[in-house]
Structure formats: structure tokens, C-alpha cells
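Each chain is listed here by its residues.
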Amino acid sequence: MLFALGFGFLSCEDVVELDLQTAPEKLVIDAFIKVDITQNNDQTIKLSKTRAFYSNTNIPVLNAQVWITDNLNNRYDFYDNSQNGNYVATNFVMDLNNFYTLNILVDTELYQATANFFNTPNIDEVEQNPNGGFSGEDLEIKIW
């Protein structure tokens, strides 16, 4: 009986490797534009290719053309001076009243996205209650 009880506490672990099909590479664009008046306004857009699920190697996209234009026809060019897929602009000036278009030219394919920026509101106070909600067991957060 002791043998059977001891056997129950043993565990086996098998590593399961899935044979995942590799899909054709796609462009990955990491473009988070944030302007903070208290810090340097350098903006970075990272370009890479998708990779196999088990791969730890980043595949940077080199020799792309990256720029942002606004509705006033201002142009802000991004350069990959380090040749690592990180395209940087040091002269980006933002006006919350303008619309901006991100342009990325890779080989002969042009990718575009248009957006405008919003000013974030000031937060005066944050209150957290771990016993909130209808059930009394939910996390409740109040922001003023």
C-alpha cells in the first residue's frame, strides 16, 4: 500500500514538440508614437519579419523607407542608422489638431496608416477597492 501511495506522488513530464508549419513571412510594424514634453521627443518605429514559433532570432527589416506626414504636408523621415530595424526620427513635432499618416515602403510594397493624437487628461486621484463590484469580490478603480 505504501508503494502504491508513493507511486501516486510521482509525476511524469513529457515535452511535447509540435510540428508547426512555417507560414510565409509578414511585415511586423511596432509604431508607438508618444510625445512627452518632459523628455526627448525621438520616435522609433521597429520593423521586422514574422518568425517561426520556436525561433528566438529577430529578423529586422533593413533598407525600408519610413516617414510620417501630417495634413499640413510636413514630412518627418525615420532612419535606420544602426542597421537593426529600428527607424528613428529626431525632429518629430506633433500638433494635436493634425492628422498623421505613417508611410512604410518595403521593397515595392507601400503600407499606410492614418491617425490623430489625443491629449491625455490629468489624473488628480486614483482609488482602488478590492471588494468592489456587484459581488463584492471584484477590483474596483475610481479615477478623478
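Here, the structure is the one placed above.
None of the values given here were measured: they were computed from a predicted structure.

Caption draft 1: Fine view of the environment of Tyr87. Assignment of secondary structure puts Tyr87 in strand S6 (residues 86-89). For the pair formed by Tyr87 and Trp67, sequence separation is 20 residues and the distance between their alpha carbons is 9.3 Å. With residues up to four places along the chain from it excluded, the contact list for Tyr87 reads Gln43, Thr44, Ile45, Leu47, Val61, Leu62, Asn63, Ala64, Val66, Phe78, Tyr79 and Asp80. Within the structure, the side chain of Tyr87 is placed 3.3 Å from the backbone nitrogen of Asn63, a separation counted as a polar contact.

Caption draft 2: Just the nonpolar core, in detail. Counting 17 residues, the largest nonpolar core has Ile45, Leu47, Ala64, Val66, Ile68, Phe78 and Ile104 as its most contacted members. Elements supplying a minimum of two residues to this core: strand S2 (43-49), strand S4 (65-70), strand S5 (75-78), S6 and strand S7 (99-106). The element best represented in this core is S7, accounting for four residues. In contact with Phe78, other than residues within four places in its own chain, are Ile33, Gln43, Ile45, Val66, Trp67, Ile68, Tyr87, Val88 and Ala89.

Caption draft 3: Structural context of the pattern of salt bridges. Taken as a whole, this structure holds one salt bridge when the rule is applied. Asp77 serves as the salt-bridge partner of Arg75, at 2.7 Å between the closest nitrogen and oxygen. Residue Arg75 is classed as partly exposed on the basis of its relative accessible area of 45%. Among the residues examined, Asp77 registers a relative accessible area of 24% and is labelled partly exposed.

Basis of the calculations
Residues numbered from 1 in each chain as written. Predicted model: local features only at pLDDT ≥ 70, side-chain atom pairs only at ≥ 80, totals over all residues. Heavy atoms only, no water. Helix = DSSP H or I, 4+ residues; strand = E, 2+ residues; numbered from the N terminus. Contact = heavy atoms within 4.5 Å. Polar contact = N/O pair within 3.5 Å; in protein donor to acceptor, adjacent residues only side chain to side chain. Core = buried A, V, L, I, M, F, W, Y, C linked by side-chain atoms within 4.5 Å. Buried < 20%, exposed > 50% of the residue type's maximum accessible area, 1.4 Å probe, protein only. Salt bridge = Lys/Arg side-chain N within 4 Å of Asp/Glu carboxyl O.

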